[in-house]
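Below, each chain spelled out in residue letters.
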Amino acid sequence: MQTDILISVKKLTKVYGKGNLALKVLDVKNLEIRRGELVALTGPSGCGKTTLLNLLGALDRPTAGDIFFEGQRLALKREAALCGFRRKKIGFIFQAYHLIPTLSALKNVLAPAFPLGKDYRQRALELLRLVSLAGKEGRRPGELSGGEQQRVAIARALLLDPDLILADEPTGNLDSATGAGIMALLKNLNQRGKTVLVATHDQRVAEECDRKIRMMDGRISQ
Ligand SMILES: Nc1ncnc2c1ncn2[C@@H]1O[C@H](COP(=O)(O)OP(=O)(O)OP(=O)(O)O)[C@@H](O)[C@H]1O
Ligand SMILES: [Mg+2]
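Since we're looking at a predicted model, the values are computed, not measured. (Residues numbered from 1 in each chain as written. Chains lettered and ligands numbered in written order. Predicted model: local features only at pLDDT ≥ 70, side-chain atom pairs only at ≥ 80, totals over all residues. Heavy atoms only, no water.)

**What about the environment of Ile5?**
1) Next: Position of Ile5 among the secondary structure elements: in strand S1 (residues 5–16).
2) Next: Here the alpha-carbon distance between Ile5 and Gln95, two residues 90 residues apart in the chain, equals 27 Å.
3) Next: Discounting residues that sit within four places of it in the chain, Ile5 has contacts with Glu32, Ile33, Arg34 and Glu70. (Helix = DSSP H or I, 4+ residues; strand = E, 2+ residues; numbered from the N terminus. Contact = heavy atoms within 4.5 Å.)

Right, here's the structure in full:
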């Protein structure tokens, strides 16, 4: 059944360490993200933003609680199914880009399709055009500026047409003009129907979003 709730979170916790050293870094009672929303996740360093994004994107498993994606409980999926889920449904944009330095921009964008063995070349070229990198397809990350590398990472996140884009400080390493360009791109993707959740310290980025979720000490504070 199609619902307009894309993600729903119930009593989600993440604890790092064991025994005396156990530290609960995330404790989210309730959170819903609707399809098509553009949401900012804000809060001080260490409040749990990356931890939450990693759980929502199934890069990590919670200590307790549930995440429902399109009504399906992620915890019930086995590792292979989770891998498929991540690839089809989630586009992750990391603060530090995480591009493969020895590959061209084009091959970096194609990386998520590699094990599928299908031909996504045309789509990758179109995405590089969308992020204004036409003509730079053959450059390696070291031959691109920070903003250009982040745009390659965005194109890569879009290759398999995910429903949800999780962006972790996508403008964190960029000057404000370049950061504004990246945010304009995320807004454009949102207008094309993508749901976008962006963790950010940048108040200007947060102001551009439909809704702000503020975190404090692992909890949602507003
Ligand atoms: N692998 C880990 N083992 C132990 N503690 C961790 C681990 N990863 C994160 N933490 C702790 O969990 C808390 C939340 O970290 P997280 O990276 O989610 O914060 P954040 O809000 O993304 O911060 P920032 O704005 O600096 O990126 C921090 O106190 C951090 O030290
Ligand atoms: Mg973080």
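**Notes on the pattern of salt bridges**
1) Next: The full count for this structure, using the stated rule, is 17 salt bridges.
2) Next: Across the pair Asp60 and Lys14 runs a salt bridge whose closest N-O atoms are separated by 3.3 Å. Residue Asp60 is located in the loop between helix H1 (49–56) and strand S4 (64–69), and its partner Lys14 is located in strand S1; the two are separated by 46 residues in the primary sequence.
3) Next: Since its relative accessible area comes to 9%, Lys14 is described here as buried.
4) Next: Measuring nitrogen to oxygen at the nearest pair gives 3.1 Å for the salt bridge that ties Glu37 to Arg34.
5) Next: Residues joined by salt bridges that share partners form a network here, namely Lys24, Asp27, Lys29 and Arg219. (Salt bridge = Lys/Arg side-chain N within 4 Å of Asp/Glu carboxyl O. Buried < 20%, exposed > 50% of the residue type's maximum accessible area, 1.4 Å probe, protein only.)

**A short note on unusual backbone geometry**
1) Next: The backbone phi angle of Glu70 is positive, close to 50 degrees, even though this residue is not glycine.
2) Next: Following the sequence through the fold, Glu70 ends up in the loop between S4 and strand S5 (72–73).
3) Next: Accessibility expressed as a relative area gives 26% for Glu70, which makes it partly exposed.

**Considering H1**
1) Next: Burial analysis of H1 places six of its eight residues in the buried class, the great majority of the element.
2) Next: Taken together, the buried positions of H1 are Lys49, Thr51, Leu52, Leu53, Leu55 and Leu56.
3) Next: Just beyond H1, the residue with positive phi is Ala58, at close to 60 degrees.

**Notes on the sheet that holds strand S2 (residues 23–34)**
1) Next: Read from one edge of the open sheet, four strands run S2-S1-S4-S5, paired in antiparallel fashion. This sheet does not close on itself; its edge strands, each paired only once, are S2 and S5.
2) Next: Of the pairings in the sheet, the one linking S1 to S2 comprises ten bridges and is antiparallel in character. In the strand pairing of S2, Ile5 is matched with Arg34.
3) Next: Sheet contacts for H1: S1, S2 and S4; angle to S1, the most-contacted strand, approximately 125 degrees. (Pairing = 2+ DSSP bridges. Axes fitted to C-alpha atoms, helices over the stretch in contact; angles between N-to-C directions.)

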